[in-house]
Every structure is written in structure tokens, then in C-alpha cells.
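# Structural overview for review
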Amino acid sequence: MATTMRAAAAGVLLLALSALAGVALAEDPYLFFEWKVTYGTKSLMGVPQKVILINGEFPGPRINCTSNNNIVVNVFNELDQPLLFHWHGMQQRKDSWMDGLIGTQCPIMPGTNFTYQWQAKDQIGSFFYFPSIGMQRAAGGYGPITIMSRNLIPVPFDPPADDHVVLIGDWYTKDHAVMAKLLDAGRSIGRPAGVIINGKGGKEAADPPMFTVEAGKAYRFRVCNAGIKASLNFRIQGHDMKVVEMDGSHTVQDMYDSVDVHVGHCVSVLVDADQKPGDYFMVASTRFVHDEKSVSAVIRYAGSNTPPAPNVPGPPAGWAWSINQWRSFRWNLTASAARPNPQGSYHYGQINITRTIKLSVSRGHIDGKLRYGFNGISHVDADTPFKLAEYFNVTDGVFKYNQMTDEPPAVNGPLQLVPNIITAEYRTFIEIVFENPEKSLDSFHLNGYAFFAVGMGPGKWSPELRKTYNLLDAVSRHAIQVYPRSWTAIMLTFDNAGMWNLRSNIWERHYLGEQLYISVTSPERSARDEYNMPEKSLRCGKVVGLPLPPPYNPAR
């Protein structure tokens, strides 16, 4: 995958204090990108269709950086629709202004540009970005984010011979605007036409070979499901995979012959090129559906002219295999992540829960049209982003806080169609339980945070099920699946002030209201806890022309 980047180390001063004191960093490096976002025509499923391109590419450019780098992306919107980019998995510490969702940021209008600036603060791992408005994500426009550890931070495996990105996802041949109109009319977008890998489908994915390896060497593959609906099983013909990282956390390094990757999730695997030289298929297949779709790319051993064997093992069957695999994933307690201290030095299982929020997926019809939500509330966006309305203290007429309760309604009534914004007290440790009563799997993501997915099981959740929680080494991550008619529990400390989206990664459900925003405000009103709104921020709705509020108190 091409990496188009204008990178410069700006304002970086290294002061050599002494051999013992090491190196002091005056300012973290800056990486600069300039993106021209356009439509282009591609035939990923053999049918010409309109695809969102960045600098003429799909997938878009790789943002390859190091922990704490500052990322500056100047986006020129040459589409015929408003545009925002969301940096999926980036915690945007103290900075929900740059999160790139319609609830926190005014859109970049056609024919204009906007410059994002954010920091990969205290993060490592594999992530991706995507256009977040409407159903644009179904038209492409996504690309990888890879964050390396700083030189002084040990990594729990030897450097691989190469580091590859593998973006897999389902793909529809319907135009994204047509998909939005279908949903607006109360109809379904249906099932995907197929699966793509690094922007290629069908025969194009397998010819020419996508990756070349050398016998006897190890390679890292960062696999992300950037699709909009289907869980995918990923495997490499004839090769086992060692899982080493998941959604930004180092994991216990176990071996797998295939890995389920749900929508919005990323996993890194190490693969040894230890087989007989030849060509081997890399396969991604849909899970939990009757009409299975697959895509195959080719990994070639250098110098090989032996085609892949035709007998490619299929994906595993059933839900139980997938659930058991999830239970096998463990946090690597002794490995360092973005900081020198071991991941396991944070003992989340010893922190008292201060609040439990139980979110049950709601489905119903409003004016004969299908909607989704949580606890009887189906979210709708407003003309004024919620974060801006809150910052300028003009929430009247835009939204009301806490219209959703922490418990699902005892009796399922009609859905309410309102902005769903709840509050969370700053620096409190909260348990969130998802219940999915639907017949299909759901996948959830929380912006601004990593959380511990401590438990899941069939049926409905009850407090007695806490005794089944993993309170020692659950993987810290930003996305988690909830199996059909099942529950999943997560825990986290709400220590990142801002306005943060909690949503379904199943994009038609997200579009139809299965999301909410969590407002986390610091009582100190201090720049230590949250940045002031950048002066360059776009304005829209009720905040156009308003004077800036008093700034937050200086950080002390």
C-alpha cells in the first residue's frame, strides 16, 4: 500500500544531557499530510461504481507514526457532500475537538479545506481512519494508522522483516447515497456483494501477489476490519499466526490458524515464512451468514513460481468457536505499551465500580421506518454539534442531558427520536453492560478511551455474573463484539474530558440511531484536563458569530 506523506520534524529539539540522563524531548515531532478527497470509479466487484479516494488512492495513505507524534492533516473536500474524518481508536486526549464526528465538529463543506491536528498521545498499535458522515464509509475513503513504540520502550517481540497493513471489509456495489436513501425510507441495505482486501476484490486481489516474503523471516500483518456490517475470519494458507497486539494493546502471544476480526476491530499477527517456498492464499471470509463471501490475496515466497494449492481451508463454523477464541485473548501484563511501565501495573480489577450503565439495543419503527437505539432512545444529530453547543452554553434547543436512564425500560415502549447525550462524572470508574437481543452480532466502539472487556455470555446480564469477570488480564481495547441474544461487560475510568461517541460499528445501525454521546467535564475547568476549542475550529448552527467563552483555567 502506497504511503504518500510529506513528513517533517518540526520544532524538535534534542538536548543531550549526559550518557546517564539520556535524551530530553522539547517537543514531539510533527508529521504533515495533505489530502485531496475526490470521487473516482473502481470496479471492486466487477461493477463500476463511485468510490471515495484520497490523493487518488483507495485505501488512503498510511499514517505511520510513533507514540506522541503530532499529526497534521490538511483535508481538501472535493466531494459533493460535507465531509469529516474520524480517527478510529485514537484517544484524542483532552481533544474531542479533532475527533471528526458530526456531534463534535462542524463538517468540511464541499470546495473547502480544514486542517486536523491531533497527537498519538501514549498509544501504540494498529488503527484506521474513515469518513464518518452518513453512509460515506461504505464508499471507501478509509486507510490505516500505525503507531510504533518509541525507541527507548521495549517491544515484546523481535523486529519483523517487514510490517504490512491488511485492511479487510465487506463491500457493497450500491452507491453510498443510495444506501442512505434506502435507510431513510425504512428499507435495508441488504447483504454485501463481497469482501475486499486492501481495496481489491475478486481476481484483482490475487493477481499480482499482494505481499512477498523471504523464507526464514518473520513478518507482521496488521489486520483491521474496516467494513460496515460483516464479521470476517482471517487466515493464511499453511501458516499459523501469532497474535501480538489488539486495538493498541500487546497481548499474550498465542498461536492461531485463523482469527475472527469483527467490524471496527484490529489485530496484529506475526507470521513465520517457514513453509516450502511457493505462493499461499491470504483469505478473509464472512462469518455467521448462510451465503458466505470470501476474498483471497496471494503471499509469494521470493523467487517462487509455484501457484497456491487450491485446497484453502474454510472458516470455522458457529458462534461457540468465536466466543472461545475471544476468551483465549489475554493482556500481556509484563509488556510495556506506550510507556516504560508494564501494562499490568494498572490493576483495573481492584478499582471499585461507582456506576453501572446497562445499555440494551432497542429496535422499533417510527412513522413506519426502522430505527435502532439504546434503552428506548434512538439518537439523532443536530445542526449544531453537541460539543460546540456545550462549550458555548447554548444547549437549549439543541439537546437535553440524560434523557436515557442507566437501565433499560421495564416495558418496551415506542422509541424516542432525540439526541442521546448522557453525562459521566470525571475520573470515575464505570461499568457498561451491553445487551444485544437481536439475532445478529453487534460490535461497539467508544471514542476517547480504551476499556477492559471483562466478560460476556448468553442471555441477559445480572449482577451475579460479575463473578465470571476476568479482573486480571482482559485486553485493554476500544472495540468489542456482543454476540446475538447475549451480553458483554466493559470497565473503564472516565479520565478524558470531552464529548465522546459510543456507537455500533454496524454502520446501518449507527446511521439509524444506535449511538449516544457521553459528556465528560472536569470540575476544575482547567486546560490541564481539556484543551480550549482551537481558534481554527469550524463553526455552524447556533454558534456562528458568537464570542468565544472564557478560556479554561491555565494548567498548573
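Source: prediction; values computed, not measured.

### Regarding the overall build of the protein chain
Helices and strands together make up the secondary structure of the protein chain, namely five helices and 36 strands. In terms of overall dimensions, the protein chain is globule-like: its C-alpha atoms have a radius of gyration of 23 Å, near the 24 Å expected for 556 residues. For the C-alpha atoms alone, the extent of the protein chain along its principal axes is close to 70 × 70 × 55 Å. Counting every position in the protein chain, which comprises 556 residues, the buried fraction comes to 57%. Taking contacts inside the protein chain between residues at least 6 apart in sequence as the whole, the part at least 24 apart equals 77%. Carbon and sulfur atoms make up 52% of the accessible area of the protein chain, which totals about 22,400 Å².

### Some points on the sheet that holds strand β8 (residues 85-88)
Read from one edge of the open sheet, four strands run β6-β11-β10-β8, paired in mixed fashion. Looking along the sheet, the strands with just one partner apiece sit at the ends: β6 (63-66) and β8. Averaged over all pairs of adjacent strands, the angle between their axes in this sheet comes to 20°, without regard to strand direction. Note: strand β10 (residues 125-131) against strand β11 (residues 143-148), five bridges, orientation antiparallel. Looking at β11, one finds that Phe127 is bridged to Ile145.

### A closer look at the sheet that holds strand β28 (residues 421-423)
Spatial strand order, β28-β36-β35-β30-β33: five strands in an open sheet with mixed pairing. Taken across any chain shown, the strands that pair with only one partner, and hence form the sheet edges, are β28 and β33 (479-482). When strand polarity is set aside, the average angle formed by the axes of neighbouring strands in this sheet is 25°. The sheet contact formed by strand β35 (residues 498-504) and strand β36 (residues 515-520) spans six bridges and is antiparallel.

### Considerations on the state of the cysteines
Disulfide: a covalent bond formed between the sulfur atoms of two cysteine residues. Inspection of every chain in the model, using the stated rule, returns two disulfides. Across the disulfide from Cys224 sits Cys266; the S-S distance is 2.1 Å. Its S-S torsion of approximately 115° makes the covalent link between Cys224 and Cys266 right-handed. Here Cys266 lies in strand β21 (residues 266-272) and Cys224 lies in strand β15 (residues 218-225), a separation of 42 residues in the sequence. Overall, Cys224 belongs to the buried group, its relative accessible area being 2%. If you count the bonded cysteines of the protein chain from the N-terminus, they pair up as 1-4, 2-3. Looking at Cys65, it has no disulfide partner, and the nearest cysteine sulfur is the one in Cys224, 13 Å off. By relative accessible area, which is 3% here, Cys65 ends up buried.

Quick notes on the rules
Here the residue index of a chain counts from 1 through its sequence in written order. Side-chain atom pairs in this predicted model are given and counted only at pLDDT of 80 or more, local residue features only at pLDDT of at least 70, and totals for whole chains, interfaces and linings cover all residues. Hydrogens and water molecules were not included; the side-chain quantities draw on all heavy atoms of the structure. For the purposes of this entry, the term helix denotes a DSSP run of H or I that reaches at least four residues, the term strand denotes a run of E that reaches at least two, and both are numbered from the N terminus. Atoms counted for the radius of gyration: C-alpha only. Globule rule: 2.2 Å times residue count to the power 0.38. Three labels apply to residues, based on accessible area from a 1.4 Å probe with only protein chains included: buried if under 20% of the type maximum, exposed if over 50%, partly exposed otherwise in between. The contact rule is simple, with two residues in contact once any of their heavy atoms fall within 4.5 Å. Note on areas: Shrake-Rupley, 1.4 Å probe, and residue coverage restricted to the protein chains presented here. Should DSSP find at least two bridges between two strands, the strands are regarded as paired. To obtain each axis, a line is fitted to C-alpha atoms, and for helices this fit is confined to the stretch in contact; angles are then taken between N-to-C directions over 0 to 180 degrees. In this description, a disulfide is simply a cysteine sulfur pair whose atoms lie within 2.5 Å.

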